[in-house]
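A closer look at the structure
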Amino acid sequence: MSEKNKSKIIAYIYILLLYLLIFQNFLQSFIEVFQYLDEAIALLGLFVLIYDIIRKKGKVSRSFFIILVCLLLIFIIGFYAVVTNKYQTINYALIDAFLLFKFFFVYFLSCIMTKKNNILAFSKVIYFHLKIILIILTIFTIANYIFKIYPFGERYGIMVNKLFFEHPTYLAGACIALLVNFITFSDKISNKYIILTLLILISTLRVKAIGGALAILMIAIYVNQTNKKLSIIKLSIIGILIIIIAYPQFEYYFLDIEGSARRVLTETSVEIANDNFPIGTGFGTFANFVSGENYSPVYELYGISNVQGLEEGKANFLSDTFWPMIIGQFGYLGTILYLTCLITIFIKIQKDCKIEQKKIYIAKFSALIYLLIASSAEPSFVNPIAIPLALILGMQSEIKKGVKKKDEK
């Protein structure tokens with residue numbers, strides 16, 4: 001099969017995945033199997049990664065090597081803690097390990113599949129389907145504000161928009177996925193579809209959504225106007241501005257409410273890391289879905305099993321934030337290793353994306369920044385929304401010689 005045809009097949013598979021991933025939360029309410037869609041894609045990514053390593057006889061890029069080594073060390077740390085502490089069974093620990101790593105498996109999948117199959121050559125057809133998705137969200141948003149079809153209360157005196165998703169946070173995630181794809185596949189960074197997507201994103205009235213929208217706007221404006229990449233200093237300025245905007249919500253959940261799940265999980269994770277230095281309590285033991293499914297004794301051990309949302313059988317707030325899971329389960333060493341993986345992705349974006357390819361550069365940074373912002377209020381890197389963002393983060397941006405946009409036809 002020619003390179004052009006392979007690229008075309010990959011592009012249409014990508015379009016199918018966009019529909020399924022953006023509407024996953026809606027689809028799974030009718031067809032239960034869709035709740036495992038992100039895990040299925042991650043499993044495919046793991047198989048493709050193993051095959052690619054075997055095919056290349058163990059030769060991988062520097063960034064792949066660093067991330068793989070860090071993940072392997074986290075795996076060893078997590079299972080060593082599970083075996084020695086016996087706070088969780090091996091089966092549940094394996095489930096948690098896969099859920100934690102699935103973001104990286106999909107990232108690897110995207111890197112490998114787009115290295116020689118350039119779907120950017122089929123931007124127009126992908127862009128067409130992005131517009132269809134946005135039109136659907138727009139029509140339902142307008143109808144929702146007129147007829148109150150999907151009520152979810154108010155915030156700041158304004159109706160919260162969640163549409164047909166289970167929670168506004170899922171609509172926010174869908175909009176972010178849509179937004180970074182619009183930036184990647186559109187002819188220009190500023191257009192009405194991107195602006196409309198931002199408006200629907202803001203209509204969720206999630207602080208992380210508003211902060212994410214602001215960050216994306218600042219990144220896009222800076223890169224587009226200056227034709228320069230983002231330095232650490234520029235990113236720090238953006239981070240400070242977002243912190244200022246989000247501080248009232250941070251103060252409310254982490255400081256004002258004495259026994260809030262987020263505050264308790266964060267404080268306890270540090271206590272666990274100190275008690276189990278330099279590692280934590282292991283996979284499936286703290287601040288995640290698995291630790292609630294097979295209730296971890298760590299909650300009772302640290303006297304937080306009676307906190308609202310953390311009780312056995314009613315542990316609805318265990319995944320209200322991301323970093324306590326990393327700090328508590330893998331300690332300071334595991335946290336450093338996980339941060340190293342994210343820093344490696346950051347460096348790869350800086351190194352690989354030419355400033356002439358500023359659209360995909362902006363899209364990748366927007367995806368990474370949003371995941372970091374959302375990690376304070378949800379388990380962003382293990383959520384389904386991380387999957388379409390991982391696909392963008394891993395996408396190879398070089399236009400291959402001989403694959404022209406006319407191939408779309």
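Computed from a predicted model, the values in this text were never measured in an experiment.

To continue, consider the overall build of the chain. Looking only at helices and strands, the chain features 16 helices and 2 strands. With respect to the three principal axes, the spread of C-alpha positions in the chain is 65 × 60 × 45 Å. Here the chain holds 409 residues, and the buried ones make up 55% of them. The long-range share in the chain, meaning contacts at least 24 apart out of those at least 6 apart in sequence, stands at 74%. When the accessible area of the chain is evaluated, it comes to approximately 18900 Å², of which 66% is carbon and sulfur surface.

A cis amide bond links phenylalanine 277 to the next residue, proline 278, at an omega of 0°. Secondary-structure assignment places proline 278 in the loop between helix H11 (261-275) and helix H12 (289-293). A positive phi is found at lysine 86, a non-glycine position, where the angle reads about 60°. Inspection of the secondary structure puts lysine 86 in the loop between helix H4 (62-85) and helix H5 (90-115). A positive phi angle is found at alanine 287, which is not glycine, with a value near 60°. Mapping alanine 287 onto the fold places it in the loop between H11 and H12.

Turning to its location among the elements, glutamate 378 is positioned in the loop between helix H15 (358-374) and helix H16 (386-394). A polar contact is formed between the side chain of glutamate 378 and the side chain of asparagine 383, at a distance of 2.9 Å. Residues contacting glutamate 378, with those up to four places away along its chain left out, are Thr169, Lys208, Ser319, Asp320, Thr321, Phe322, Asn383 and Ile385.

With that settled, the discussion passes to the nonpolar core. Counting 133 residues, the largest nonpolar core has Leu100, Phe103, Phe104, Ile126, Leu137, Phe283 and Tyr338 as its most contacted members. Per-element accounting of this core gives the leading share, 13 residues, to H5. With near-sequence residues (within four places) excluded, phenylalanine 103 lies in contact with Leu342, Ile345, Leu371, Phe381, Ala386, Ala390 and Leu393.

Okay, the environment of leucine 68 next. Position of leucine 68 relative to the elements: it lies in helix H4. When its relative accessible area of 23% is taken as the criterion, leucine 68 is described as partly exposed. Apart from residues lying up to four places away in sequence, leucine 68 is in contact with Leu49, Ile53 and Phe108.

We now examine the pattern of salt bridges. Proximity of charged atoms lets side chains of opposite charge pair with each other. The full count for this structure, using the stated rule, is 8 salt bridges. A salt bridge links aspartate 52 to lysine 56; its shortest N-O distance comes to 3.4 Å. Classification of lysine 56 as partly exposed rests on a relative accessible area of 29%. When the shortest N-O distance is used, the salt bridge between lysine 208 and glutamate 378 registers 2.8 Å. One end of the pair, lysine 208, is in helix H9 (residues 207-226); the other, glutamate 378, is in the loop between H15 and H16, with 170 residues separating them in the sequence. We classify glutamate 378 as buried; its relative accessible area is 7%. One salt-bridge network, in which partners are shared between bridges, spans Asp38, Glu39 and Lys102.

Here the focus is helix H7 (residues 168-185). Since the α-helix packs 3.6 residues into each turn, any two residues three or four apart lie on the same face. For H7, which comprises 18 residues, the first-to-last C-alpha distance of 26 Å matches the rise-based estimate of 26 Å (1.5 Å per residue) to within 8%. Burial runs high along H7: 17 of the 18 residues are buried.

All right, on to a nonpolar patch on the surface then. On the surface, a cluster of nonpolar side chains totalling about 770 Å² of accessible area is made up of Phe65, Val69, Leu72, Leu73, Phe75, Ile76, Val83, Ile90 and Leu94. Residue assignment for the nonpolar patch shows that the elements contributing at least two residues are H4 and H5. At 7 residues, the largest contribution of residues to the nonpolar patch is made by H4. Mapped onto the fold, valine 83 is located in helix H4.

Our focus in this paragraph is the packing of aromatic side chains. Inspection of the entire model under this criterion finds 33 aromatic pairs. Ring centres of tyrosine 295 and tyrosine 299 lie 5.2 Å apart, and the angle between their planes is 35°; this geometry places the pair in the tilted category. Since its relative accessible area comes to 17%, tyrosine 295 is described here as buried. Accessibility expressed as a relative area gives 0% for tyrosine 299, which makes it buried. One aromatic cluster in this structure is built from Phe23, Phe26, Phe30, Phe140, Tyr150, Phe164 and Phe165.

Here we come to the environment of serine 231. Looking at the element boundaries, serine 231 is found in the loop between H9 and helix H10 (232-256). Expressed as a C-alpha distance, the spacing of serine 231 and leucine 43, which sit 188 residues apart in the sequence, is 35 Å.

It is worth spelling out H9 at this point. The terminal C-alpha atoms of H9, which comprises 20 residues, lie 28 Å apart, in line with the 28 Å expected from a rise of 1.5 Å per residue. Where H9 is concerned, the buried positions are Val207, Lys208, Ala209, Gly211, Gly212, Ala213, Ala215, Ile216, Met218, Ile219, Ala220 and Val223. Of the residues trailing H9, asparagine 227 is marked for its positive phi of about 55°.

The subject of this paragraph is the environment of asparagine 316. Take asparagine 316: it is sitting in the loop between helix H13 (298-301) and helix H14 (323-352). Spatially, the C-alpha atoms of asparagine 316 and asparagine 288 are 9.9 Å apart, while their sequence positions differ by 28 residues.

Rules and cut-offs
- Sequence order as written defines residue numbering, which begins from 1 separately in each chain.
- Given that this is a predicted model, residues contribute local features only at a pLDDT of at least 70 and side-chain atom pairs are listed and counted only at 80 or more, while totals for whole chains, interfaces and linings are drawn from all residues.
- Computation of side-chain values: all heavy atoms of the structure, hydrogens and water removed.
- The helix and strand labels rest on DSSP assignments: H or I over at least four residues marks a helix, E over at least two residues marks a strand, and numbering proceeds from the N terminus.
- For every residue, the accessible area obtained with a 1.4 Å probe (protein chains only) is divided by the maximum for its type, and the residue is called buried under 20%, exposed over 50%, and partly exposed between those limits.
- Note on contacts: a residue pair qualifies if any of its non-hydrogen atoms lie within 4.5 Å across the two residues.
- Where accessible areas are quoted, they stem from the Shrake-Rupley method and a 1.4 Å probe; at the residue level, only the protein chains shown are allowed to cover.
- Whenever a nitrogen or oxygen atom comes within 3.5 Å of another N or O atom, the pair is scored as a polar contact, on the condition that within protein one atom can donate a hydrogen and the other can accept it, and that pairs from neighbouring residues in sequence are kept only if both atoms are in side chains.
- To qualify as a nonpolar core, a set must consist of buried Ala, Val, Leu, Ile, Met, Phe, Trp, Tyr and Cys residues joined through side-chain atoms within 4.5 Å.
- Every case where a carboxyl oxygen of Asp or Glu lies within 4 Å of a side-chain nitrogen of Lys or Arg is listed as a salt bridge.
- To estimate how far a helix should extend, the number of its residues minus one is multiplied by 1.5 Å.
- Each patch is built from residues lacking any salt bridge and having more than 30% relative accessible area; the joining distance is 9 Å for like charges and 5 Å for nonpolar side chains (Val, Leu, Ile, Met, Phe, Trp, Tyr).
- Classification of ring pairs uses Phe, Tyr and Trp, with its six-membered ring standing for Trp, and accepts pairs whose centres are within 6.5 Å; under 30 degrees between planes counts as stacked, over 60 as edge-to-face, and the remaining range as tilted.

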